[in-house]
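Each chain, written out:
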Number of protein chains: 2
Amino acid sequence: MIETALYLIPVELSDVGLDQVLPSGNIKIVSHIKHFIVENVRSARRFLKRCDRDIDIDSLTFAELNRHTHPEDIAPMLSPLENGEPVGVISEAGCPAIADPGADVVAIAQRKGLKVIPLVGPSSILMGLMASGFNGQSFAFVGYLPIDAAERARRLKEMEHRILHENQTQIFIETPYRNNALAAELCKLMPASIKLCIATDITGPSQSIVTRGVKQWAGHLPNLHKVPTIFLLYK
Amino acid sequence: MIETALYLIPVELSDVGLDQVLPSGNIKIVSHIKHFIVENVRSARRFLKRCDRDIDIDSLTFAELNRHTHPEDIAPMLSPLENGEPVGVISEAGCPAIADPGADVVAIAQRKGLKVIPLVGPSSILMGLMASGFNGQSFAFVGYLPIDAAERARRLKEMEHRILHENQTQIFIETPYRNNALAAELCKLMPASIKLCIATDITGPSQSIVTRGVKQWAGHLPNLHKVPTIFLLYK
């Protein structure tokens with residue numbers, strides 16, 4: 001049996017075998033859970049089928065938690081747990097509550113004093129950082145850069161400052177159809193002392209995690225259009 | 001067969017079965033590697049034995065990379081890889097190159113244009129963040145706080161500012177015998193609007209990841225003396 005807790009269940013980032021990216025212990029835990037809070041019901045069902053072909057999907061309950069969810073609808077999703085049954089949180093990809101809406105339900109669980117148990121799984125932020133060669137003793141993930149030009153320039157300057165003066169690796173993402181524009185912008189605006197790591201398709205068949213100086217990248221950038229990419233900057 | 005690359009191989013954080021925290025695919029990859037760069041030879045050998053009881057340890061080579069290693073001794077550790085053989089990096093615990101010396105050899109591999117492949121495994125930083133309920137869209141890991149009192153007070157103010165004005169979760173660690181003093185200090189110095197998540201023994205039998213307001217924690221702190229702990233702050 002498993003504990004009465006809110007389990008945070010990571011999902012693959014790419015089309016690979018589960019045994020490449022998830023501990024087998026996760027699958028055993030998942031098979032004991034009947035109630036799920038998920039970013040998307042359809043992809044969560046598919047994930048559970050991959051965990052266990054013989055799973056009885058119709059015996060499970062799913063509550064959808066994403067950017068369309070009303071805040072007041074989140075707390076009731078925890079009622080199975082308050083009644084003594086474990087609940088699982090599943091995102092679209094990667095680790096729940098890291099750069100996705102799962103954090104809201106975890107915050108409520110913490111406020112209610114409910115037990116929360118994170119499981120191991122792939123995180124493109126962490127795996128990109130590991131393979132970048134950049135400082136792993138101090139790093140920040142800042143999500144998406146601002147779209148407004150002035151605000152964006154200010155943010156880039158701030159990141160540059162934190163790299164040069166705080167020795168802090170800066171990690172961020174972009175809307176995938178704007179990846180190429182962002183990469184070109186970084187090469188143009190960052191000083192020659194800054195290195196850029198471009199990490200694409202992490203854990204996937206075309207995985208590439210390459211670090212070069214911004215001036216070495218300039219004119220030699222790969223095509224990142226709509227390719228899942230994490231950007232990392234350091235000196 | 002596996003790729004000719006520098007593989008970053010995570011290790012358990014606590015005394016649990018490998019199948020709870022590592023994908024079985026990692027073990028298969030490890031069994032194809034003959035050359036390792038390790039933080040500590042003795043514990044790396046033990047880890048490899050746990051991966052495969054029948055492993056022929058004497059057929060493997062180990063280069064030690066830790067804070068005693070001379071910088072000029074690091075690059076030669078990659079020579080097996082330059083000769084076409086995969087090399088593995090193994091730290092004492094958790095993910096190589098995150099808050100440990102492995103990042104230096106990864107940086108050299110990147111400079112030499114060698115392929116780097118991170119594997120999935122447990123990270124107390126990431127798992128603490130997942131379970132904290134704090135903002136996972138913007139977060140910083142800042143390592144150890146400064147020891148000097150004035151510098152430390154300045155850093156705490158800066159973290160407070162980044163929480164309140166940048167909505168950035170702040171994550172850090174302390175020398176384990178000073179955990180209790182740090183926790184008390186945070187409760188005393190942080191304003192009432194700040195929440196503290198104390199994450200101890202992550203993945204271990206006494207795992208506890210609990211978020212409360214700093215004023216709720218005050219006077220009710222658990223004994224963290226020499227307990228592996230990650231501290232997280234947010235509002």
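All figures in this text were calculated on a predicted structure; none of them were measured in a lab.

Caption draft 1: Inspection of the sheet that holds strand β4 (residues 87–90) of chain A at higher detail. Residues and elements named next belong to chain A. Strands sit in the order β3-β2-β4-β1-β5 across an open sheet of 5 strands; the sheet is parallel. Unpaired on one side and paired on the other, β3 (61–64) and β5 (116–118) mark the two borders of the sheet. Taken pair by pair, the neighbouring strands of this sheet meet at an average axis angle of 25 degrees, ignoring direction. Judged from the 4 bridges that link them, strand β2 (residues 35–38) and β3 form a sheet pairing that is parallel. Looking at the pairing, V38 lines up with E64 of β3.

Caption draft 2: Expanded view of the relation of the copies chain A and chain B. Rotating chain A by 180 degrees and moving it 0.0 Å along the rotation axis overlays it on chain B with an RMSD of 0.0 Å. Overall, the copies show the geometry of a two-fold rotation axis. A share of 100% of interface residues in chain A that are also interface residues in chain B marks the association as one of identical surfaces.

Caption draft 3: Spatial organisation of the sheet that holds strand β3 (residues 61–64) of chain B. Residue and element names in this part refer to chain B. Within the open sheet, the 5 strands sit side by side as β3-β2-β4-β1-β5. Their pairing is parallel. Of all the strands in the sheet, just β3 and β5 (116–118) have a single pairing partner and so form its edges. The sheet shows a mean angle of 25 degrees between the axes of neighbouring strands, taken without regard to direction. Two strands pair when backbone bridges link them, and strand β1 (residues 6–9) and strand β4 (residues 87–90) are joined in this way by 4 bridges, in the parallel orientation. Counted as the bridge partner of L8 is V89 from β4.

Caption draft 4: Highlighting the domain arrangement of chain A. Taken domain by domain, chain A holds domain 1 (6–118) and domain 2 (124–234). Facing the 10 residues of domain 1 of chain A at the interface are 7 residues of domain 2 of chain A.

Here is what the cut-offs are and how they apply
- Residues numbered from 1 in each chain as written.
- Chains lettered and ligands numbered in written order.
- Predicted model: local features only at pLDDT ≥ 70, side-chain atom pairs only at ≥ 80, totals over all residues.
- Pairing = 2+ DSSP bridges.
- Helix = DSSP H or I, 4+ residues; strand = E, 2+ residues; numbered from the N terminus.
- Axes fitted to C-alpha atoms, helices over the stretch in contact; angles between N-to-C directions.
- Least-squares fit on C-alpha atoms with pLDDT ≥ 70 in both.
- Contact = placed C-beta atoms within 7 Å.
- Domains from an automatic or database assignment.

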